[in-house]
Amino acid sequence: MDIEQRRRERLDRGIKIRSDGLYALMSWRELSYLTLPRLVLIVGILIAPLVMPSMYWQRVISIVCIYALLSLSFDLLAHFVGLVSLGGAFFIGVGGYTTAILNTQLGLPPLLSIPLATVIGAIICTLFLLPCLPLRGVYFAIITLMYPLLLIRVIEALDILGGTDGIVGIASFDNRWVEQYFIILMVLLFLFGIRRLVNLDIGLVFRAVKDNDQAVRASGMSITYYKTIAVFIASAMGCLGGAYLAHLYMWAGLSSFALDFSILPIAATVIGGAGTLVGPVLGAFILVPISELLRAFGTLRITFYALILLGFIVFRSEGIMVYGQRKYHQFEKWVKV
Amino acid sequence: MNDQPILQVQDVTKTFGGIMALNRVSFDLHEGEILGIIGPNGSGKTTLVNCITGFINLTRGKVFFRGKNITGKAAHKIADMGVTRTFQIMRPYYSLPAYKNLVIPLFSPRAKRTGGWRGGGKLGDRNTVSIDILEEMGFERESFVPYKMASTLPTGYLKRLELARCLSLRPEIILCDEVFSGLSMSEIASMVPLIERLQMEGITLIMIEHRLRELFRVANRVMVLNFGEKLIEGTPVEVMADEKVKEAYFGSEKVEEVTGYA
Ligand SMILES: Nc1ncnc2c1ncn2[C@@H]1O[C@H](COP(=O)(O)OP(=O)(O)O)[C@@H](O)[C@H]1O
Ligand SMILES: [Mg+2]
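Every residue gets a number counted from 1 within its own chain, in the order that chain's sequence is written. Chain labels run from A onward and ligand labels from 1 onward, assigned in the order the entries are written. Reporting of local features is limited, given that this is a predicted model, to residues whose pLDDT is at least 70; pairs of side-chain atoms are given and counted only at 80 or more, and all residues count toward the totals for whole chains, interfaces and linings. Only hydrogens and water are removed before side-chain values are computed, so all heavy atoms of the structure are retained for them.

Chemist: Sorry if this is basic, but what is going on with the coordination of the magnesium ion (ligand 2) here?
Modeler: Ideal values for angles at a metal depend on the geometry: 109.5 degrees with four tetrahedral donors, 90 or 180 degrees with six octahedral donors. Residue and element names in this part refer to chain B. Protein coordination of the magnesium ion (ligand 2) is provided by T46 (OG1) and Q88 (OE1), with donor distances spanning 2.0 to 2.1 Å. Note that T46 is positioned in helix α1 (residues 45-52) and Q88 in the loop between β6 (83-85) and α3 (98-106), a separation of 42 residues in sequence. Partly exposed residues are those whose accessible area sits between 20% and 50% of the maximum for their type, while under 20% is buried and over 50% is exposed, using a 1.4 Å probe and protein chains only. Taking the relative accessible area as the measure of exposure, T46 reaches 26% and is therefore partly exposed. Coordinating N, O and S atoms are those within 2.8 Å of the metal (3.2 Å for Na, K and Ca), and as water is not part of the atoms, a site may appear to have fewer donors than expected. Each helix corresponds to a stretch of at least 4 residues labelled H or I by DSSP, and each strand to a stretch of at least 2 residues labelled E; elements are numbered beginning at the N terminus.

And the structure:
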């Protein structure tokens with residue numbers, strides 16, 4: 001009995017020391033200090049489609065969300081597990097073709113075929129990537145980049161899965177707002193879900209796999225196992241985006257394997273702030289609309305696009321979120337003193 | 001009473017390219033004992049630990065744990081069976097506080113199965129259990145040390161953290177690769193009782209050390225390696241009395257200082 005009591009007290013002290021956030025629950029002002037950024041983000045994303053001037057721009061928001069999922073997936077793998085993945089195109093393509101088959105062959109409605117394609121697609125992607133999990137750094141990146149190229153050639157050469165025409169006649173969403181908010185809710189769900197995940201004990205293991213895999217092995221844990229879990233989650237996000245995209249365009253084809261899906265998420269992560277999870281999502285919200293705006297400039301937009309990216313890398317290499325978070329917390333210190 | 005050795009190492013040979021790092025090394029380890037391994041730098045001690053724990057594949061030979069052949073098994077599977085090791089060059093998670101370093105091994109399948117060291121069967125809060133383990137390893141609970149980043153900890157604490165990582169798996173064997181090296185005399189003096197207590201708790205230990213005086217105090221048997229070969233094995237007294245060893249170590253505590261072998 002006595003021992004029980006003492007243990008609990010000790011635990012509390014431990015929490016006080018190790019959790020910077022506890023004091024924040026002491027007043028409404030401090031509570032709002034903590035929740036405000038989250039609230040702004042959630043409300044901002046939720047009302048984004050409502051303030052868009054046209055259906056075209058609402059469609060852009062949906063595309064942004066797909067890239068946001070891909071950026072989240074990249075950030076999770078690169079900065080929490082140590083796998084640099086260029087697999088965006090691979091995930092999008094596999095998710096797209098899977099939902100296309102589920103929808104056109106089995107007649108499943110989008111709200112059923114998308115979740116199914118997410119899981120089945122993630123299993124397929126994970127199985128493909130399983131042999132290269134021991135590879136590190138650039139080798140893993142190269143393999144993830146090669147798969148979409150390989151699949152394009154296979155589909156072309158064997159004329160399977162609709163060949164060069166792709167699979168047409170995929171059902172769209174019945175309701176425009178369901179279509180719009182489905183993907184927005186998914187982004188929010190995965191954003192906060194992944195943030196939660198990396199702060200759990202398993203998140204510590206992920207980071208340990210990245211920083212010090214020998215110590216993880218010495219702790220009796222299989223590195224490949226944890227990498228597999230992470231790759232499954234990351235490819236699920238990509239496949240979800242790909243499946244959604246297929247229903248959005250009512251088509252899945254070779255351009256689902258476009259390189260943009262692999263490259264833009266990296267740029268979004270650089271701009272938003274690597275390792276922050278929120279940053280890459282914000283990065284997607286900045287980069288994708290800009291690249292749409294620049295569409296009017298034709299091929300010249302690539303130049304602008306490159307310049308913006310260059311500027312970010314040169315002048316703000318830490319990314320918007322890292323910078324913003326620091327400023328926000330510095331402000332807080334000033335209030336306290 | 002079971003006479004079977006807990007660990008049997010048979011003719012273990014390891015070559016790196018042309019270098020023979022280990023040449024037909026055999027020994028038995030009995031449950032509950034402390035086996036000291038000494039030898040000059042480069043004599044293959046760390047390589048032996050790596051071979052036993054599966055961190056490198058051995059060229060020839062066999063390793064048995066409780067009669068089961070564990071040769072060539074994956075490192076994490078061997079650790080999962082309870083054969084753990086410390087690293088001579090410490091490998092903490094530098095970006096994490098000391099107590100979070102232990103949350104990771106406490107998350108392992110073995111710790112979940114065994115409840116971890118002192119876990120009492122159930123692992124409710126890994127943070128609490130890890131601080132309990134750290135306290136046993138000499139991290140003062142009331143101080144800030146358990147909450148400090150591993151990157152700011154001095155060598156002495158990092159060595160203890162290495163041991164604590166093994167302990168959090170509730171191990172059967174710990175292979176300690178030079179846990180005393182780099183420590184001051186007083187730090188070593190404070191760690192010797194720790195080692196003795198681990199033995200009393202029923203953990204079997206292999207200790208690789210250069211500090212002969214402290215090693216001979218705790219070790220039941222000592223094995224001497226030289227150029228990858230086993231020179232002699234016996235009680236500390238026997239080993240001290242041996243001519244070859246005497247020649248190498250007489251009047252000196254540190255192998256590095258011995259001109260003949262370094
Ligand atoms: N990974 C490796 N590659 C090549 N040679 C190695 C490797 N590891 C150890 N060696 C060699 O094996 C020999 C034994 O090294 P080691 O086991 O570290 O010695 P000790 O721990 O006794 O000081 C040394 O000659 C060393 O150079
Ligand atoms: Mg060594």
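Chemist: In this structure, what is going on with the site of ligand 1? I would like to understand it.
Modeler: All names here are of chain B. Surveying the vicinity of ligand 1 reveals the residues F16, A21, P40, N41, G42, S43, G44, K45, T46 and T47. Two N or O atoms form a polar contact when they lie within 3.5 Å of each other; inside protein one atom must be a possible hydrogen donor and the other a possible acceptor, and for residues adjacent in sequence the pair counts only when both atoms belong to side chains. Here G42 contributes a backbone N or O atom positioned 2.8 Å from an oxygen atom of ligand 1. Residue K45 places a side-chain N or O atom 2.8 Å away from an oxygen atom belonging to ligand 1. For the shell around ligand 1, the element with the highest residue contribution is α1, accounting for three residues. Of the residues in the shell around ligand 1, the class split is three nonpolar, six polar and one charged. Definition of nearness: a residue and a molecule or strand are near each other if at least one heavy atom of the residue lies within 4 Å of the molecule or strand. Residue classes follow a fixed rule: Ala, Val, Leu, Ile, Met, Phe, Trp, Tyr, Cys and Pro count as nonpolar, while Asp, Glu, Lys and Arg count as charged, and any other residue, Gly among them, counts as polar.

Chemist: Help me out: how do you make sense of the packing of helix α3 (residues 55-81) of chain A against helix α12 (residues 278-293) of chain A in this one?
Modeler: Angle between the axes and distance between the axes: these two values describe a pair of packed helices. All names here are of chain A. Contact geometry of α3 with α12 gives a least axis separation of 8 Å together with a crossing angle of 140 degrees. Here α12 runs oblique to α3, going by the angle between their axes. Where α3 crosses over α12, the two elements pack in a sense that is right-handed. Of α12, the residues touching α3 (which contributes Y56, W57, V60, I61, I63, V64, C65, Y67, A68, S71, L72 and D75) are P280, V281, A284, F285, V288, P289, E292 and L293. Class assignment for the residues of the contact of α3 with α12 results in 17 nonpolar, one polar and two charged. Note on method: axes are straight lines fitted to C-alpha atoms, helices fitted across the in-contact stretch only, with angles between N-to-C directions ranging 0 to 180 degrees. Note on terminology: angles under 35 degrees are roughly parallel, angles over 145 are roughly antiparallel, angles of 65 to 115 are roughly perpendicular, and the others are oblique. Should the near helix be turned anticlockwise from the far one by less than a right angle, the crossing is left-handed, and should it be turned clockwise, the crossing is right-handed. The contact criterion used throughout is that any non-hydrogen atoms of two residues lie within 4.5 Å.

Chemist: Before we go on, may I ask you to explain the packing of aromatic side chains in this structure?
Modeler: Here a ring pair, both rings aromatic, is described through the centre-centre distance and the interplanar angle of the planes. All names here are of chain A. Any Phe, Tyr or Trp ring, taking Trp's six-membered ring, that has another such ring centre within 6.5 Å forms a pair; planes under 30 degrees apart are called stacked, those over 60 apart edge-to-face, and the others tilted. Enumeration according to the criterion identifies 17 aromatic pairs over all chains in this entry. On the numbers, 5.1 Å between centres and 80 degrees between planes, the contact of F128 with Y147 is edge-to-face. Residue F128 is located in helix α5 (residues 110-129), and its partner Y147 is located in helix α6 (residues 137-158); the two are separated by 19 residues in the primary sequence. Here F128 falls in the partly exposed class, since its relative accessible area comes to 30%. Plain terms: the ring middles of F206 and Y226 are 6.5 Å apart, the flat faces sit at 80 degrees to each other, and that makes the pair edge-to-face. Taken as a pair, F206 in helix α8 (residues 201-211) and Y226 in helix α10 (residues 223-249) lie far apart in primary sequence, 20 residues in all.

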